[in-house]
Amino acid sequence: MTDTNDRTPVFVHPTADVEAGAQIGDGTKVWHLAHIRATSRVGAGCVIGRNVYVDAEVTVGNLVKIQNNVSVYQGVTLEDEVFVGPCAVFTNDFRPRAQNPDWTITETTVRRGASIGANATLVCGIEVGEYAMIAAGSVVTKDVKPYQLVVGNPARPRGWVNAKGEVVSRDVDNPPQQG
């Protein structure tokens, strides 16, 4: 694990676009063709993969890994140590239209240590609990409890994981004691 107190310089690939005013923490790596908007904040020790878009007003915590081809839109918050797999999708509008002057951003929060599998879609307005695990390809339309494993379309509970991501129970109604 990276120490967020080290003063390792930020690495920004020459093809990446980090707008003036964006805050990037020490030791973060921003790779090929990534775009980080001016009013966003990316914490220390993060890895921002190829072709990742971090929108205005987004907060990304420390030690977060966002794999290739992910767009983190305004209204999304990723807390510390979150993993976002390649091509995962976040939404921020319940009723998207090309022309809607009255649209509002609907927030989504992904809590500390949660993991989102490749090609998962998270519909806005949800909270993903600490250390939860979202399986690849899942479509998440409801809140996910801490340490809960969800799978499918729509995503449904399939068990519980520990902080390492290991499945510790398949009893969807009774989470095991953590700690």
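Residues numbered from 1 in each chain as written. Predicted model: local features only at pLDDT ≥ 70, side-chain atom pairs only at ≥ 80, totals over all residues. Heavy atoms only, no water.

Peer 1: I keep staring at the overall build of the chain and nothing clicks. Help me out?
Peer 2: Tallying secondary structure elements over the chain gives 0 helices and 23 strands in all. Radius of gyration (C-alpha) of the chain: 16 Å, near the 16 Å computed for a compact globule of 179 residues. Residues classed as buried in the chain amount to 40% of the 179 residues present. For the chain, restricting intrachain contacts to residue pairs at least 6 apart in sequence, the fraction spanning at least 24 positions comes to 16%. For the chain, the accessible area works out to roughly 9400 Å², and carbon and sulfur atoms hold 47% of it. Across the chain, the mean location of the 16 positive side-chain charges is 6 Å away from that of the 19 negative side-chain charges. (Helix = DSSP H or I, 4+ residues; strand = E, 2+ residues; numbered from the N terminus. Rg over C-alpha atoms; globule rule 2.2 N^0.38 Å. Buried < 20%, exposed > 50% of the residue type's maximum accessible area, 1.4 Å probe, protein only. Contact = heavy atoms within 4.5 Å. Areas by Shrake-Rupley, 256 points an atom, 1.4 Å probe, with all protein chains shown as cover. Lys, Arg positive; Asp, Glu negative; His and termini not counted. Charge placed at Lys NZ, Arg CZ, Asp CG, Glu CD.)

Peer 1: Can you help me understand the sheet that holds strand 16 (residues 115-116) in this one?
Peer 2: Picture the strands of a sheet paired through backbone hydrogen bonds; they go either parallel or antiparallel. Sheet architecture is open: 10 strands sit in the order 1-4-7-10-13-16-19-21-22-23, paired in mixed fashion. What marks the edges here is a single partner per strand, and that holds for strand 1 (11-12) and strand 23 (167-169). (Pairing = 2+ DSSP bridges.)

Peer 1: Would you mind going over the packing of aromatic side chains with me for this structure?
Peer 2: Any pair of aromatic rings gets described here by the distance separating the centres and the angle formed by the planes. Scanning the model with the defined rule gives 3 aromatic pairs in all. Ring geometry for Phe11 against Trp31: centres 4.8 Å apart, planes inclined by 50 degrees, an arrangement best described as tilted. Of this pair, Phe11 sits in strand 1 while Trp31 sits in the loop between strand 4 (29-30) and strand 5 (35-36), placing them 20 residues apart in sequence. Classification of Phe11 by relative accessible area gives partly exposed; the value is 32%. Note on Trp31: relative accessible area 30%, which makes it partly exposed. (Phe/Tyr/Trp six-rings, centres within 6.5 Å; stacked < 30°, edge-to-face > 60°.)

Peer 1: Can you help me understand the nonpolar core in this one?
Peer 2: A general tendency of soluble globular proteins is for nonpolar side chains to be buried together. Counting 35 residues, the largest nonpolar core has Ile66, Leu78, Phe90 and Leu122 as the members making the most contacts within it. Excluding its chain neighbours within four sequence positions, the residues that come into contact with Leu78 are Thr59, Val60, Gly61, Val64, Ile66, Val72, Val84, Phe90 and Val110. (Core = buried A, V, L, I, M, F, W, Y, C linked by side-chain atoms within 4.5 Å.)

Peer 1: Help me understand the pairing of strand 21 (residues 148-151), please; the structure alone is not making it clear to me.
Peer 2: Where a strand is regular, its side chains alternate between the two sheet faces. When strand 19 (residues 133-134) meets strand 21, the two strands line up parallel, connected through 2 bridges. Across the sheet, the residue bridging to Ile134 is Val150, located in strand 21. Sheet topology note: the strand 21/strand 22 (residues 156-161) ladder contains 4 bridges and is antiparallel. Note on strand 22: the bridge partner recorded for Leu149 is Gly159.

Peer 1: How should I be thinking about the environment of Pro154 in this particular structure?
Peer 2: Checked against the element boundaries, Pro154 lands in the loop between strand 21 and strand 22. Pro154 gets classed as partly exposed once you look at its relative accessible area, which sits at 34%. When the C-alpha positions of Pro154 and Gly137 are compared, they lie 9.9 Å apart, and in sequence the two are 17 residues distant. Setting aside residues no more than four positions away along its own chain, Pro154 makes contact with Val139 and Thr141.

Peer 1: How should I be thinking about the environment of Val144 in this particular structure?
Peer 2: Within the secondary structure, Val144 sits in the loop between strand 20 (139-140) and strand 21. Along the chain, Val144 and Ala132 lie 12 residues apart, while their C-alpha atoms are 6.9 Å from each other. Look past the residues within four positions of Val144 in its chain and what remains in contact with it is Glu127, Val128, Gly129, Ala132 and Val150.

Peer 1: Before we go on, may I ask you to explain the sheet that holds strand 9 (residues 59-60) in this structure?
Peer 2: Strand order in this open sheet of 6 strands is 3-6-9-12-15-18, and the pairing throughout is parallel. Only two strands of the sheet have a single neighbouring strand rather than two, namely strand 3 (23-24) and strand 18 (127-128). In the sheet, strand 3 pairs with strand 6 (residues 41-42) via 2 bridges, with the strands oriented parallel. Paired with Gln23 across the bridge in strand 6 is Arg41.

Peer 1: Could you clarify how one ought to interpret the state of the cysteines in this entry?
Peer 2: In this structure the tally under the stated criterion is 0 disulfides. Residue Cys46 stays outside any disulfide, its sulfur separated by 19 Å from that of Cys87, the closest cysteine. Owing to a relative accessible area of 1%, Cys46 belongs among the buried residues under this scheme. (Disulfide = S-S within 2.5 Å.)

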